[in-house]
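Take a look at the letters that make up each chain.
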Amino acid sequence: MNYDNIYTEALNAAKAAESAYMEAHGEPLYCGFAWVDISSARIPFVGWCKKNNVGRKHWQKGWCIWNPAGNPTQSMDVKEAGAFAFAEVLRKHGISAYAGSRAD
């Protein structure tokens, strides 16, 4: 698998989802965070992430990519849209991933 391409596809999907959300709803004032959790830190994609300084070890287990699109807004809704899109692309490529979020 070409992890460069998978990451780029996921990043582009996250950025597109965030842009689409902003166009449709503006920037909601509900502040918070969003991220993508990868269930296992022992898979080849996480090895690629480590090599390329993408994400960090999850505090429980696995791997975490915080704010995957790097969006500077404080809006949790916008960041969630990006995280869900990012995780969806990873799952499409057989990588067990899911989005998470919490209010600030």
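Preceding this section is the structure that the text describes.
Model, not experiment: these values are computed from the prediction.

So, the overall build of the protein chain
Along the backbone of the protein chain there are three helices and four strands. Ordering the α and β elements of the protein chain from the N terminus gives α-β-α-β-β-α-β. Here the C-alpha radius of gyration of the protein chain, 13 Å, is about what a compact globule of 104 residues would show, namely 13 Å. Projected onto its principal axes, the C-alpha coordinates of the protein chain cover approximately 35 × 25 × 20 Å. Buried positions account for 43% of the 104 residues belonging to the protein chain. For the protein chain, the proportion of contacts with a sequence separation of at least 24, taken over those separated by at least 6, is 73%. Accessible surface, the protein chain as shown: approximately 6000 Å² in total, 52% of it carbon and sulfur.

Quick notes on the packing of helix α1 (residues 3–25) against helix α2 (residues 44–51)
The interhelical angle for the contact between α1 and α2, taken along N-to-C directions, is 80°, at an axis separation of 10 Å. By the angle between their axes, α1 is roughly perpendicular relative to α2. Facing Tyr3, Asp4, Ile6 and Tyr7 of α1, the residues of α2 in contact are Pro44, Phe45 and Trp48. Considered class by class, the residues forming the contact of α1 with α2 number six nonpolar, no polar and one charged.

Digging into the pattern of salt bridges
Taken as a whole and assessed by the stated rule, the structure comprises one salt bridge. Notably, a salt bridge pairs glutamate 9 with lysine 92, separated by 2.3 Å at the nearest N-O pair. One end of the pair, glutamate 9, is in helix α1; the other, lysine 92, is in helix α3 (residues 76–92), with 83 residues separating them in the sequence.

Observations concerning the packing of α1 against α3
Two numbers describe how α1 lies on α3: the axes approach to 7 Å, and their chain directions differ by 150°. One finds that α1 runs roughly antiparallel with respect to α3. Both α1 and α3 take part in a crossing whose hand is right-handed. Of the residues in α3, those touching α1 at Ile6, Tyr7, Glu9, Ala10, Leu11, Ala13, Ala14, Ala17, Glu18, Tyr21 and Met22 are Asp77, Val78, Lys79, Ala81, Gly82, Ala85, Phe86, Val89, Leu90 and Lys92.

So, the side chain of lysine 79
Here lysine 79 is to be found in helix α3. Despite its burial, lysine 79 pairs with no opposite charge, the nearest such side chain being glutamate 18 at 7.8 Å. Residues in contact with lysine 79, not counting those within four places in the same chain, are Glu18, Gly32, Ala34, Asn67, Asn71, Thr73 and Gln74.

Focus: the pairing of strand β3 (residues 63–66)
Here four bridges tie strand β1 (residues 32–38) to β3, and the two strands are oriented antiparallel to one another. Its bridge partner being in β3, tryptophan 35 is matched across the sheet by tryptophan 66. In terms of strand pairing, strand β2 (residues 56–57) meets β3 through two bridges, oriented antiparallel. Considered in β3, the bridge of lysine 57 is made with tryptophan 63.

Some points on the state of the cysteines
Counted under the stated rule, the structure contains zero disulfides. For the unlinked cysteine cysteine 31, the closest cysteine sulfur is that of cysteine 64, found at 19 Å. Classification of cysteine 31 as partly exposed rests on a relative accessible area of 27%. Among the cysteines around cysteine 64, which has no disulfide bond, cysteine 49 carries the closest sulfur, lying 11 Å off. The class for cysteine 64 is buried, based on a relative accessible area of 4%.

Analysis parameters
Residues numbered from 1 in each chain as written. Predicted model: local features only at pLDDT ≥ 70, side-chain atom pairs only at ≥ 80, totals over all residues. Heavy atoms only, no water. Helix = DSSP H or I, 4+ residues; strand = E, 2+ residues; numbered from the N terminus. Rg over C-alpha atoms; globule rule 2.2 N^0.38 Å. Buried < 20%, exposed > 50% of the residue type's maximum accessible area, 1.4 Å probe, protein only. Contact = heavy atoms within 4.5 Å. Areas by Shrake-Rupley, 256 points an atom, 1.4 Å probe, with all protein chains shown as cover. Axes fitted to C-alpha atoms, helices over the stretch in contact; angles between N-to-C directions. Parallel < 35°, antiparallel > 145°, perpendicular 65-115°, else oblique. Nonpolar A, V, L, I, M, F, W, Y, C, P; charged D, E, K, R; others polar. Salt bridge = Lys/Arg side-chain N within 4 Å of Asp/Glu carboxyl O. Left-handed = near helix turned anticlockwise from the far one by under 90°. Lys, Arg positive; Asp, Glu negative; His and termini not counted. Pairing = 2+ DSSP bridges. Disulfide = S-S within 2.5 Å.

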